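# Coordinate analysis (summary)
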Amino acid sequence: MKILVATEKPFAKVAVDGIRQIIENAGYELLLLEKYKTKEELINAIKNADAVIVRSDIINAEIIEKAENLKIIVRAGAGYDNIDLNAASAKNIVVMNTPGQNSNAVAELAIGMMIFMYRGQLKGISGNELKGKKLGLHAFGYVGKALAHIAHGFGMEIYAYDPFLQPEDFTKENVTEVKDIRDLYSMCNIVSIHIPANEKTKKLVNYELMSMMPKNALLVNTARKEVICEDSLKRIFEVRDDFKYVTDVAPDCHNELLKYNLRYYATPKKQGAETAEANINAGLAAARQIVAFFKNGDRTFQVNK
Ligand code: 3PG
C-alpha cells in the first residue's frame, strides 16, 4: 500500500517523521512530494498512490481522474474546499478531514492578530486593550471554541452565532448565543470569522453586516477569502475611517487596501496552522485515519457521505 504525502506547503520535519512511523509500522510505504511547483508533479506522484494526505493542495477532478489506485484522500486540517468531493465520490474515493487537530494554532493566531491591530500594528503608538470588549464568533466550531477559551482569559465578553448547534453547546462554554447574525455584527467590537467556504457561505460577510459593526470595529478573518464580499470590503473602508480588517488570507483586492495602513493587515502567506504542534496533530491524525480505514474500514471522519 502506497501512502503519498503531497504538500506544496510542507509539514514540519518532526510531523513527517511521525507520519512515516505510523505508515511504516502498518506495513505501508510512504511517498513524499513536498514544495511541488506544478500540477503535473502532483499527478505523477498520485498516479500510483492508494491514499494521499494533503493540506490546502488542490485536488480537482482532473487530478482525481488520473489517480488510478486512489481509495482515500485525507485533508490534514479542517477545510476541504480544496477537494472536489463530487469527483471523488464518483470514483468511490473516501474523503476525510481531521477536525479540531489544528484549531488551537488558528485560535492563537486570531488572538495575536487582534492584539496586533488593537496595538497599532506594534508601531509604538497608543492603542486599546481586549479586556472588556465584546468578541463575536461567526461560527462556533473547534476554532471558535478554542478562541473563546483564550478570550475568556483576556476578560472579553464572548458572543457566538452558529445555527447548527444546540443552546447547551454555548452555555457549557460560557458563551452567549446570538440567534441572528445581524445582532452579532451590530453588537460586537471584534468579529472573528470561522465559517467554512462553500456555496452557501460565499461572500456571506457583506456590506450590510460590516456596516452594522460599532465604531472602531475590527473584523478578523482566519477562515477563507471567499467568505468575504470584497466589493463590500472596499466600500466599507471608503466610507468608514474607523473600520479595521485583519486577515490570514489576503483578498484579491489586497493592493487596493494597503493604502489604509494601520486599518488593514494581511499575512504574507496563510499561516493559521503553521506550527509544529498543528502539523503533528493534523498530520499524525491523518496517517492514523488512513491506517484505520485500510485495516478496519473506519470511516469516522468521512466528509463525502
Ligand atoms: C485548515 O483548513 O485546516 C486550515 O486553513 C489550515 O490550512 P493549511 O493546512 O493549508 O495550513
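Shown above is the structure to which this text applies.
Residues numbered from 1 in each chain as written. Predicted model: local features only at pLDDT ≥ 70, side-chain atom pairs only at ≥ 80, totals over all residues. Heavy atoms only, no water.

The next point concerns the packing of helix α1 (residues 13-25) against helix α12 (residues 276-296). Viewed as axis vectors pointing N to C, α1 and α12 meet at an angle of 15°, and their least axial separation amounts to 8 Å. Judged by the inter-axis angle, α1 sits roughly parallel to α12. The element α1 and its partner α12 pack so that their crossing is right-handed. Residues V14, A15, G18, I19, I22 and I23 of α1 lie in contact with α12, whose contacting residues are A276, N279, I280, G283, L284, A287, R288 and V291. Tallied by class, the residues present in the contact of α1 with α12 amount to 10 nonpolar, 3 polar and 1 charged. (Axes fitted to C-alpha atoms, helices over the stretch in contact; angles between N-to-C directions. Helix = DSSP H or I, 4+ residues; strand = E, 2+ residues; numbered from the N terminus. Parallel < 35°, antiparallel > 145°, perpendicular 65-115°, else oblique. Left-handed = near helix turned anticlockwise from the far one by under 90°. Contact = heavy atoms within 4.5 Å. Nonpolar A, V, L, I, M, F, W, Y, C, P; charged D, E, K, R; others polar.)

This part covers the site of the ligand. Around the ligand, the surrounding shell consists of K9, R55, S56, R75, G77, A78, G79, N102, R224, K270 and A273. One of the side-chain nitrogen or oxygen atoms of R75 is found 3.0 Å away from an oxygen atom of the ligand. Burial of the ligand by the surrounding chains reaches 95%, relative to a free accessible area of 320 Å². Counted by class, the shell around the ligand contains 2 nonpolar, 4 polar and 5 charged residues. (Near = heavy atom within 4 Å. Polar contact = N/O pair within 3.5 Å; in protein donor to acceptor, adjacent residues only side chain to side chain. Areas by Shrake-Rupley, 256 points an atom, 1.4 Å probe, with all protein chains shown as cover.)

Before going further, it helps to spend a moment on the sheet that holds strand β11 (residues 244-247). Strand order in the open sheet formed by 7 strands is β8-β7-β6-β9-β10-β11-β12, with parallel pairing between adjacent strands. The open sheet terminates on both sides in strands that have one partner only, identified here as β8 (176-177) and β12 (264-266). Both strand β10 (residues 218-221) and β11 contribute to a ladder of 4 bridges, which runs parallel. Bridging across to β11, N221 finds its partner in T247. Seen against the sheet, helix α6 (residues 142-153) touches β6 (134-138), β7 (157-161) and β9 (190-193) and runs at an angle of roughly 170° to β6. (Pairing = 2+ DSSP bridges.)

Burial of strand β5 (residues 94-97) is two-sided: the residues V94 and M96 facing one way and the residues V95 and N97 facing the other way are all buried. Here strand β4 (residues 72-75) pairs with β5 via 4 bridges, running parallel. Along β5, the bridge assignment pairs I73 with V95. Read as a crossover between parallel neighbours, the route from β4 over helix α4 (residues 85-90) to β5 is right-handed. (Buried < 20%, exposed > 50% of the residue type's maximum accessible area, 1.4 Å probe, protein only. Right-handed = clockwise from strand over helix to strand, strands pointing away.)

Turning next to the pairing of β9. The alternating pattern of β9 places I190 and S192 and V191 and I193 on opposite faces, both of which are buried. When β6 meets β9, the two strands line up parallel, connected through 4 bridges. Looking across to β9, one finds that G136 is bridged to V191. Here β9 pairs with β10 via 4 bridges, running parallel. Pairing of I193 across the sheet is with N221, part of β10. The β-α-β motif built from β9, the intervening helix α9 (residues 207-212) and the parallel element β10 has right-handed crossover chirality.

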